[in-house]
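# Report on the structure
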Amino acid sequence: LMDYHLDKDVNGLQLVAKMRKFLGYPIPVILVTANQDDEIVTESFKANCNYLSKPVKPAKLRSLLQAVQAEGAKL
């Protein structure tokens, strides 16, 4: 799980890109943010990150976590 708004110099998608580069493989990510700007949603999908808007509904989070876990098991 990664929040979009981290601080003034870096956002969650930028940090995910750095982590993936450092690790050398595409870690699964669920980006969580209260910002529902279409640009952030588009950036998230382009970066191969799942997207959830706040407030997060527990059932939606649980479902998405299960899907991400199942996808990770295939790798």
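Scroll up to find the structure this text is about.
Throughout what follows, the structure given in this document is the object of discussion. Residue positions are given per chain, counting from 1 as you read along its sequence in written order. Selection of residues for local features in this predicted model requires a pLDDT of at least 70, selection of side-chain atom pairs for listing and counting requires 80 or more, and totals for whole chains, interfaces and linings are taken over all residues. Neither water nor hydrogens contribute to the side-chain values; these are computed over all heavy atoms in the structure.

Turning to the overall build of the protein, a few remarks are in order. To qualify as a helix, a DSSP run of H or I must reach at least 4 residues; to qualify as a strand, a run of E must reach at least 2; elements of each kind are numbered from the N terminus. Summing up its helical and strand segments, the protein has three helices and three strands in all. Overall, the protein shows an N-to-C arrangement of helices and strands of β-α-β-α-β-α. With the radius of gyration taken over C-alpha atoms, the globule rule is written as 2.2 Å times the number of residues to the power 0.38. The C-alpha atoms of the protein give a radius of gyration of 12 Å, which matches the 11 Å a tight globule of 75 residues would have. Taken along the three principal axes of its C-alpha coordinates, the protein extends 35 × 30 × 20 Å. A buried classification covers 27% of the 75 residues belonging to the protein. A sequence separation of at least 24 residues applies to 40% of the contacts in the protein between residues at least 6 apart. Here Asp and Glu are counted as negative and Lys and Arg as positive; His is not counted, and neither are the chain ends. Charged groups are reduced to one reference atom each: NZ for lysine, CZ for arginine, CG for aspartic acid, CD for glutamic acid. Between the centroid of the 10 positive side chains of the protein and the centroid of its 8 negative side chains there is a distance of 8 Å. With a 1.4 Å probe rolled over the protein chains alone, any residue whose accessible area is under 20% of its type maximum counts as buried; one over 50% counts as exposed, and the rest are partly exposed. Here, two residues are considered to be in contact whenever any of their heavy atoms come within 4.5 Å of each other.

Attention now goes to the sheet that holds strand β1 (residues 2-3). As a general point, the strands of a sheet are linked pairwise by backbone hydrogen bonds and lie either parallel or antiparallel. One open sheet holds the three strands; their spatial order is β1-β2-β3, and the pairing between them is parallel. Each having just a single partner strand, β1 and β3 (50-53) make up the two edges of the open sheet. Where helix α2 (residues 38-46) meets the sheet, its contacts fall on β2 (30-33) and β3, and the angle it forms with β3 comes to roughly 150°. Whether two strands pair comes down to DSSP finding at least two bridges between them. Axis definition: a line fit to C-alpha positions, over the contact stretch in the case of helices; interaxial angles, taken between N-to-C directions, run 0 to 180 degrees.

We now examine the environment of Leu-15. Among the structural elements, Leu-15 can be located in helix α1 (residues 12-23). Each C-alpha atom, one on Leu-15 and one on Met-2, is 8.9 Å from the other, the two residues being 13 residues apart in sequence. In contact with Leu-15, other than residues within four places in its own chain, are Met-2, Leu-6 and Val-10.

The next thing to look at is the pattern of salt bridges. A pairing counts as a salt bridge when a side-chain nitrogen of Lys or Arg comes within 4 Å of a carboxyl oxygen of Asp or Glu. One pass over the structure, following the stated rule, counts one salt bridge. With a closest N to O distance of 3.6 Å, Lys-54 and Asp-3 form a salt bridge. Here Lys-54, found in the loop between β3 and α3 (58-74), pairs with Asp-3, found in strand β1; they are 51 residues apart in sequence, far enough to count as distant. Exposure remark for Lys-54: the relative accessible area of 36% places this residue in the partly exposed category. For Asp-3, a relative accessible area of 29% corresponds to the partly exposed category.

Here the focus is the nonpolar core. We call a set of buried Ala, Val, Leu, Ile, Met, Phe, Trp, Tyr and Cys residues a nonpolar core when their side-chain atoms join them within 4.5 Å. Counting residues in hydrophobic clusters, the biggest one holds 10 residues: Met-2, Tyr-4, Leu-13, Val-16, Ile-27, Val-29, Leu-31, Ile-40, Cys-49 and Tyr-51. Residue contacts for Met-2: discarding those within four places in its chain leaves Gly-12, Leu-15, Val-16, Met-19, Val-29, Ile-30, Leu-31 and Val-32. Counting residues in hydrophobic clusters, the runner-up holds five residues, among them Ile-30, Val-32, Leu-52 and Val-68.

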